[in-house]
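# Notes for the structure review
Residue-level listing of the chains:
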Amino acid sequence: MTAPTGRRERKKAATRQNIADTALRLFLERGYDAVGIRDVATEADVAVTTLFAHFASKEALVFAQDTDFEHRLTRAVTDRSPNEPLIPLLRNEIQAMVQHCTAEGAAPIFRMIDQSPALRQYEESMRLRHAESLATALAADLGRPADSTACRAIARFVIDAYSLGRDSAHPEATVNEVFRMIEAAWAAGIG
């Protein structure tokens, strides 16, 4: 995540992180369904309106890095040098995301997600949104229509590489295997 520069931005970022950390701690201690928004706000020492200023829903509290992940993927496309190969940049971003989500201590969070239909549904909609953002960036980069099937397919494969890697006993190898297929598709005429 990009570090905020001004005092106000730093305070907002600290408040957001405090809310997210508090929510996650409460969810893991008591169970996701047993904790309400008011519980999180009270424990984080913020008003409910402040909580909603930072997070659109209770589910969003679990996925605090969502926007950062989405921006990292699109910036891999939009911020690269003109001759810099795209697929290795996307692979590096996905590997970093998988490492973050498979780090020590992450397992209880993903067990909680797997046990909650609301969280599973939110995660799925989040993945679809990430894929659409990435597809839009790819299409713009290639000068293709925004609804390009090829760009949408590559973007979905990239997001699936994350999902498969996160759930794998061998995350890095899994991501590399999926990206070999993505590179083959890219070389076949997409890129």
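The structure contained in this document is the topic of the report that follows. Residue numbers here run from 1 along each chain, matching the order of that chain's written sequence. Since the coordinates come from a predicted model, pLDDT governs what is reported: local features require at least 70, and pairs of side-chain atoms require 80 or more to be given and counted, while whole-chain, interface and lining totals use all residues. Only hydrogens and water are set aside; all other atoms, that is, all heavy atoms of the structure, feed into the side-chain values.

## Quick word on helix 7 (residues 107-115)
For the exposure calls, accessible area comes from a 1.4 Å probe over protein chains only, and a residue counts as buried if that area is under 20% of its type's maximum, exposed if over 50%, partly exposed in between. Put simply, DSSP marks the helices as runs of H or I at least four residues long and the strands as runs of E at least two long, and each gets a number from the N terminus on. The complete set of buried residues in helix 7 reads Ile-109, Phe-110, Met-112 and Ile-113. The buried residues of helix 7 occupy one face: seen down the axis, they fall within an arc of 155°. What makes two residues a contact is simply this: any of their non-hydrogen atoms within 4.5 Å. Looking at the buried positions of helix 7, the neighbouring elements they touch are helix 1 (7-30), helix 4 (58-62), helix 6 (86-101), helix 8 (117-142) and helix 9 (149-167). What the arc covers is the set of directions going from the helix axis to the C-beta atoms.

## Re the packing of aromatic side chains
Centres within 6.5 Å make a pair out of two Phe, Tyr or Trp rings, where for Trp the six-membered ring is used; the pair is then stacked when the planes are under 30 degrees apart, edge-to-face when over 60, and tilted otherwise. Evaluation of the coordinates by the stated rule reveals 2 aromatic pairs. Measuring from centroid to centroid gives 4.9 Å for Phe-27 and Tyr-32, while their planes differ by 65°, and the two rings are edge-to-face. Tyr-32 carries the same exposure label as Phe-27, and that label is buried. Taking the centre distance of 5.4 Å and the plane angle of 20° together, the rings of Phe-63 and Tyr-122 count as stacked.

## Observations regarding the pattern of salt bridges
For this document, the term salt bridge refers to a Lys or Arg side-chain nitrogen within 4 Å of an Asp or Glu carboxyl oxygen. Under the defined criterion, the tally for this structure stands at 12 salt bridges. The partner of Arg-129 in a salt bridge is Asp-66, with the nearest N and O atoms 2.6 Å apart. Of this pair, Arg-129 sits in helix 8 while Asp-66 sits in helix 5 (residues 66-78), and the two are 63 residues apart along the sequence. With a relative accessible area of 33%, Arg-129 lands in the partly exposed category. A salt bridge links Glu-124 to Arg-127, with the shortest nitrogen-to-oxygen separation between them at 3.8 Å. Here Arg-127 and Glu-124 lie together in helix 8, a separation of 3 residues that amounts to about one turn. Owing to a relative accessible area of 38%, Glu-124 belongs among the partly exposed residues under this scheme. Where salt bridges share partners, they join Glu-123, Glu-124, Arg-127, Arg-166 and Asp-167 into one cluster.

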